[in-house]
Amino acid sequence: MPPFAAPIPGDEPQEPPKGRRPYASPTGEPEDEPRRRPRRIVNRPDKLVAGGPPRPDPSAPDEPRPGAAVQGEPRPDTAVPGERRPDAGEVPPPRREAAAAQAEVPHVPRPRPEGDAAPPPVVTPGKDAGTPVQDAGTPDQDAGTPDQDATIPAQDTGPGNGERRDRIPPYRLVYPLPTGEETRAAEDAHEESGHDDGDDDGDGDGDGEWRDEPEVRRVGRPPAGRPTRPDLLVAGGDTAGQGAGGRHHRGPAPAAVRRSSPVRRRTRAIPIVLTVAAAILVATGVLVWRWSDDEGAGLRLEAGTGRSGDELFTIPAAGVGTDQKLNDMTSVGRAVVAVGSDTTSPTPRPLFLFSPNGGKTWQLGQVNGASSAIVRRVVGGEGRWLASGGDEATGERGLWTSTDGYSWTAVPSSGLAAFRTGDRIEDIARTGSGFVAVGSTAGADGGTGPAAWRSDDGRAWERVETRELGVRALKAVVAKGDTAVAIGVPADGEGSRVLRSANGGRAWQATGFQLPEATDPRAGTVAVLPKRFVLVPMRRRTPEGDVRVYCSPTGAQWSQCGSIGGLAPESVGVETMISYPSGVAAISPVGMGSYTVLTTTDGRSWTKRADLGNLTGATLRGFTISDGGTLFAGGDRAASDVDNQLVLMAAPPRGTAARVPLGNVEGLTRIARETNALTSHGGRYVAVGSASGDAGLWTIRNWQSWKSMSLGGTGRQTLEDVTYGSRGWLAVGGTEPNAGVTDPLLVTSTDGENWKRVDVTGDLARRPDQLYLRTDVVTAGKKGYVLAGESRDQSGATGAAMWFTPDTRKYTRSSKLPQGGAGVRVHDVTAVGDGYVAVGGSGGADQERTVVWYSEDGVNWTARDAVSPPDATSAGLRRVAAYQGKLVAIGTAMTNGARRAFAAVSGDDGQSWETAWLPTDQAAAVYDLAAAQEGLVAVGWHGVPGEGDSAAWTSQDGLSWNRVALTKDRLAGQGTQWLSAVAVDGSEVVALGRSTTYNADHLILWTSSLTSSR
């Protein structure tokens, strides 16, 4: 799971509010005008402030700004463009509720299309004092007429200490207030009308004031014809003829207008709204407002233009850089299914190949829902299919179900409650009543124990008791009806032990049969014939060269029933077995790229079915025999040092085996290409990443034409980041010269067009005890360049690595890192003042802790205090930028079981921080951050995981953010779209991203402009 991943709430969509909507379609049907509510008259005109607190008294002592937070605490949400404020008398709808978040893989720095930041939790009116910040609206819809659709600028929070002495409320009453006698006359007229103002706060004390309550309610209609739905507005500058910009403020409001759920003392049908505007209307019949805020510097990010980047971001290469594998196969009737993985960077996906006609034609299956990219096992029958998989390195788990073998749906997290952290599925089987899965679970002492699960439909699972079975793991399972047989690793002794279930996996019993020679139990160790179960020791031959075969009619009593002979001398024995309707097949590898398949109908006698040879560099893992008798075998082969391609073989009953061509399967092959980072200087943009397995660089100056460059060399290469400094351009990444080995990759340029590889020697070189060392991020400051990356030793232990170079020629690796850098992942680094700040995280996804390091010279680093929003159980920082003398960072945190994106601002080089949540109403991920004179721009996606659309966030202070939904020009639509890299040059904004579905993948280039009224 990529960083920032999280599920979305399952709430039903809220009913759209009535009334005129900003940016509505000109062809849409008009909606009914909402019924006006009567307005109340109060005797406290001094308390009226619509949209913000009253101007503080300069002589008053310093107090924290309303809505500001101290170090480690996000300030309470303040109103931003995009917050919906109901008209008088309208009860605001509740927020959507955040669902539980999926686990994140924190060490992966590149964006992935999984969700990360969950929506804010539900806030019930009248319960909580803070209201989550809503998002800015869609910028690329029709803007409407000036008198109807105005654009509200983004909020500026001002000084970092939270104090505002020069604030002017955005709604300023410029008509003279009535005298006391006029007010009393208005009150008398109001009381005669039948209204009761004796207890305005509704608490029964008759004090006429309202107590502090959570939500600010806008009174009356907005000034100057502003629309009634600010939640659909995009933060921006002045509208024509509007004068100074302004904003809505969600800080604590005066008692006269602060109420989340108005209640009449005598009549509950009409909520009470107190406003001095009603008194003025009664007394004079005239009301004049002026929209004004001296601090309200509006920030507008245009909808911009998106275009395909497929033809722009390519490089000449011999291969395409694919990484695909087939792991298993099965067949039911004429339907044949092959499953595996497609981990082609950067959009991995589970792989399902389907043939509806016994293997005559093949097509790419369909997959719905976010899931793991690795499928390992598949079974099916009687209209129910199940596949299982996951990433063993990260513990990620995946289950998929299907009714036809073609269309698959990932099992959501709600159906996986029976699986615990540390569980591992080794094998699955179709029973008469559903499905059964077996595997292992991690014990508290670091050991393993057996685990088993069952399901009626593959969607909802239950855990089965497996104690007292005498095994420490279950490795294989088959079933005939509801009788299931599993093979386990004995708790005592060697070999394999057989377990049995007579009720579809609901309960298991040890049979007492233990086979010492079966020392390598795995999926395929046991198979089922029409009248008996068959067990064969894997990769084990007798001194005579045979392989013993054991049989049982019920799975309870076992005995040797035959043997497999005639194997080639170089064969290691039997690699796996498969069951088919009339028999069992055993697969025996013969040297490199050759396999022999033998079949039996009784377990006693075995005959050669086919030889699968001439597969240089190929590995076959999945096998099946269809009802028509055709043998299918699937796997993969290394076509080049950067290409791993699928292999599918077919051997008909009367014919020779041949390779099945897959080149014409639509959507199967993807070109590996990725744009990881983008930066600009002097009118030139430079993007780095990879294409077709090689490192790629792309540059353009003054928007003439993009120029592409590659580095050449062997092994997979990628560039992760690029920067410009006093000595020119420097890009960093990694290369894999050999399998399982990764080295740093650095290139430099003085003009952005001609690049030279840096020799990886001295402090840049990987130590002999390390298999993995790479550079991931780079920044440039006054003293030179700082690089950050990750190291990994042979045991798999990871740690941070930092380097400094004053001239891009000589590199010094930092030897003094806090805690030695062990377990730390540095995700970003930036120059600030005369030093440098690095941010990241440490620990697992559910217990991650933020990391902030500071260095004056780029070599010696000290740790700052961790940054964490309040009530967060886990937090990490992902991006950081220097902006107007401050540090602004973007991170992700776990709170209330959901993962949310947050921002943090520091005015003292990372010693103390102020935090705030980013506005999201669904799942979201923020992948990159850029700072310019006009403001800050962050990019990512927002929506449903697996179906989210591109999104951008803007801010002028790092704490108050507006989300801009991007819905046109390839930035939204079917599948997932996101922006992963952004750069700002003056007012010009350029971002790179992706639009991908299960069977299509395209790059995106988006250009826009950022303007401010400041």
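Residues numbered from 1 in each chain as written. Predicted model: local features only at pLDDT ≥ 70, side-chain atom pairs only at ≥ 80, totals over all residues. Heavy atoms only, no water.

Student: Lay out the packing of aromatic side chains in plain terms, naming residues and giving numbers.
Tutor: Per the stated rule, a full pass over the model turns up 17 aromatic pairs. Ring geometry for Trp385 and Trp408: centres 6.5 Å apart, planes at 80°, overall edge-to-face. Of this pair, Trp385 sits in strand E11 (residues 384-391) while Trp408 sits in strand E13 (residues 407-410); the two residues are 23 residues apart in sequence, bridging distant segments of the chain. Trp408 carries the same exposure label as Trp385, and that label is buried. A connected cluster of aromatic rings, assembled from ring pairs, spans Phe313, Tyr685, Trp698, Trp703 and Trp706. Directly above the ring of Phe435 sits Arg430, whose terminal nitrogen or CZ lies 5.1 Å from the centroid. In this arrangement the basic side chain of Arg900 is found over the ring face of Trp917, its NZ or CZ atom lying 4.3 Å from the centre. (Phe/Tyr/Trp six-rings, centres within 6.5 Å; stacked < 30°, edge-to-face > 60°. Helix = DSSP H or I, 4+ residues; strand = E, 2+ residues; numbered from the N terminus. Buried < 20%, exposed > 50% of the residue type's maximum accessible area, 1.4 Å probe, protein only. Lys NZ or Arg CZ within 6 Å of the ring centre and 35° of its normal.)

Student: How would you summarise the sheet that holds strand E14 (residues 424-430) if you had to cite specific residues and measurements?
Tutor: Two orientations exist for strands paired in a sheet by backbone hydrogen bonds: parallel and antiparallel. On the basis of which strands lie adjacent, the open sheet formed by four strands has the order E14-E15-E16-E17 and antiparallel pairing. The two strands at the open ends of the sheet, each matched to only one other strand, are E14 and strand E17 (461-464). The sheet shows a mean angle of 25° between the axes of neighbouring strands, direction not considered. Two strands pair when backbone bridges link them, and E14 and strand E15 (residues 435-442) are joined in this way by six bridges, in the antiparallel orientation. Its bridge partner lying in E15, Ile425 is registered against Gly439. (Pairing = 2+ DSSP bridges. Axes fitted to C-alpha atoms, helices over the stretch in contact; angles between N-to-C directions.)

Student: Run through the side chain of Ser749, naming residues and quoting values.
Tutor: Within the secondary structure layout, Ser749 lies in strand E40 (residues 741-749). A polar contact is formed between the side chain of Ser749 and the side chain of Asp751, at a distance of 3.1 Å. A distance of 2.7 Å separates a polar side-chain atom of Ser749 from the backbone oxygen of Asn754. Sequence-distant contacts of Ser749, defined by excluding residues within four places in its chain, comprise Gly728, Trp729, Asn754 and Trp755. (Polar contact = N/O pair within 3.5 Å; in protein donor to acceptor, adjacent residues only side chain to side chain. Contact = heavy atoms within 4.5 Å.)

Student: Give a detailed account of the nonpolar core, specifying residues and quantitative values.
Tutor: The biggest cluster of nonpolar side chains holds 30 residues, and the ones touching the most others in it are Phe352, Leu353, Trp362, Trp400, Trp408, Leu662 and Leu668. Sorting the residues of this core by element identifies strand E5 (324-332), strand E6 (335-342), strand E7 (349-355), strand E10 (375-381), E11, E13 and strand E32 (644-651) as the ones contributing at least two each. Here the element with the most residues in this core is E6; it accounts for five residues. (Core = buried A, V, L, I, M, F, W, Y, C linked by side-chain atoms within 4.5 Å.)

Student: Give me the lowdown on the state of the cysteines, citing residues and values where you can.
Tutor: A full pass over the atoms with the stated rule returns one disulfide. One disulfide in the model links Cys551 with Cys561; its S-S distance is 1.9 Å. Because the torsion about its S-S bond is 45°, the bridge between Cys551 and Cys561 counts as right-handed. Placement of Cys551 in strand E24 (residues 547-552) and of Cys561 in strand E25 (residues 559-564) is noted, with a sequence separation of 10 residues between them. With respect to burial, Cys551 and Cys561 carry one shared label: buried. (Disulfide = S-S within 2.5 Å.)

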